[in-house]
Amino acid sequence: MTSTYHHGDLYRQALEQAQALLHEEGAAAVTLRALARRLQVTAPALYRHFRNRDSLLAALAVHGFRELRRQLLAVRRDDALEQLTGIGQAYIAFAQARPNLYRLMFGGQLLPRGAHPDLDAAGLGAFAVLQQSIDDALAAGYLNGQPAGPLTAAAWSLVHGFAELTIDGHLPDEQQAPGLAALVTRLLLPGGPSSRDNNNP
């Protein structure tokens, strides 16, 4: 079997084809042997870039978290409450668009925490965007001054659970997701900015 790829391009091409395979058939179908067939290269050529199947899956998940972070950072709203809502909507939209990748990213059985430091770092990078949006909402007077740590965990639990329900088909209408995502996010926000409440005796 003769490779049609230059050595310097193989890693990029392998990731692109592995992403396509993951999207089409799910994580179980992503193996180095299947990827080699898809790329028309020998399996040993891929071992130069991926030690084993787990390292390939981890690379896919790293790419996923970096793309999730990029999409969350692209949310730009003038109001801190609307920004937090937009972050939640973007998170859920990412899961809807890439359900198999999303499952891989958060599938602790396939990729246990601590086994791949780059993956752990990429996950924290995406999570940091949500943390910042919570900090900004607190600074703007929302969330009634609750501790940032528990609020961030609660916000993540809400949007993550909603995303899982959506991609597993448990919600009746996928088109309702943006509006429902906004409603879910607002469950964290009793009443609005406390500073406004204080100005209205």
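Figured I'd write up the structure that's included with this text. From a predicted model like this one, the values you see are computed outputs, not experimental measurements.

Conventions and cut-offs
Residues numbered from 1 in each chain as written. Predicted model: local features only at pLDDT ≥ 70, side-chain atom pairs only at ≥ 80, totals over all residues. Heavy atoms only, no water. Salt bridge = Lys/Arg side-chain N within 4 Å of Asp/Glu carboxyl O. Helix = DSSP H or I, 4+ residues; strand = E, 2+ residues; numbered from the N terminus. Buried < 20%, exposed > 50% of the residue type's maximum accessible area, 1.4 Å probe, protein only. Expected span 1.5 Å × (residues − 1). Arc of directions from axis to C-beta. Phe/Tyr/Trp six-rings, centres within 6.5 Å; stacked < 30°, edge-to-face > 60°.

What follows deals with the pattern of salt bridges. A complete count under the given rule lists five salt bridges for this structure. For E24, the salt bridge goes to R38, with nearest N and O atoms at 3.1 Å. Taken together, the residues E24 in helix α1 (residues 7–25) and R38 in helix α2 (residues 32–39) connect sequence positions 14 residues apart. Under the relative-accessibility criterion, R38 is labelled partly exposed at 31%. One salt-bridge network, held together by shared partners, links D9, R12 and E16.

Looking now at helix α8 (residues 148–167). The end-to-end C-alpha distance of α8, which contains 20 residues, comes to 28 Å, matching closely the 28 Å that a straight helix rising 1.5 Å per residue would cover. Of the residues making up α8, those classed as buried are L151, T152, A155, V159, H160, F162, A163, T166 and I167. Projected down its long axis, α8 carries its buried residues within an arc of 160°, all on one side. Positive phi shows up at G169, right after α8, with a value of about 80°.

To continue, consider the packing of aromatic side chains. Using the criterion set out here, one finds seven aromatic pairs in the structure. Ring centres of F106 and W156 lie 6.2 Å apart, and the angle between their planes is 45°; on these two criteria the pair is classed as tilted. Of the two residues, F106 sits in the loop between α6 (99–105) and α7 (117–139) while W156 sits in helix α8, which places them 50 residues apart along the sequence. According to the relative accessible area criterion, W156 is partly exposed, its value standing at 32%. With 5.6 Å between their ring centres and 70° between their planes, F127 and W156 make a pair best called edge-to-face. You can see F127 sitting in helix α7 and its partner W156 sitting in helix α8, a full 29 residues away along the chain. Ring pairing ties together the aromatic residues F65, Y91, Y102, F106, F127 and W156, which thus form one cluster.

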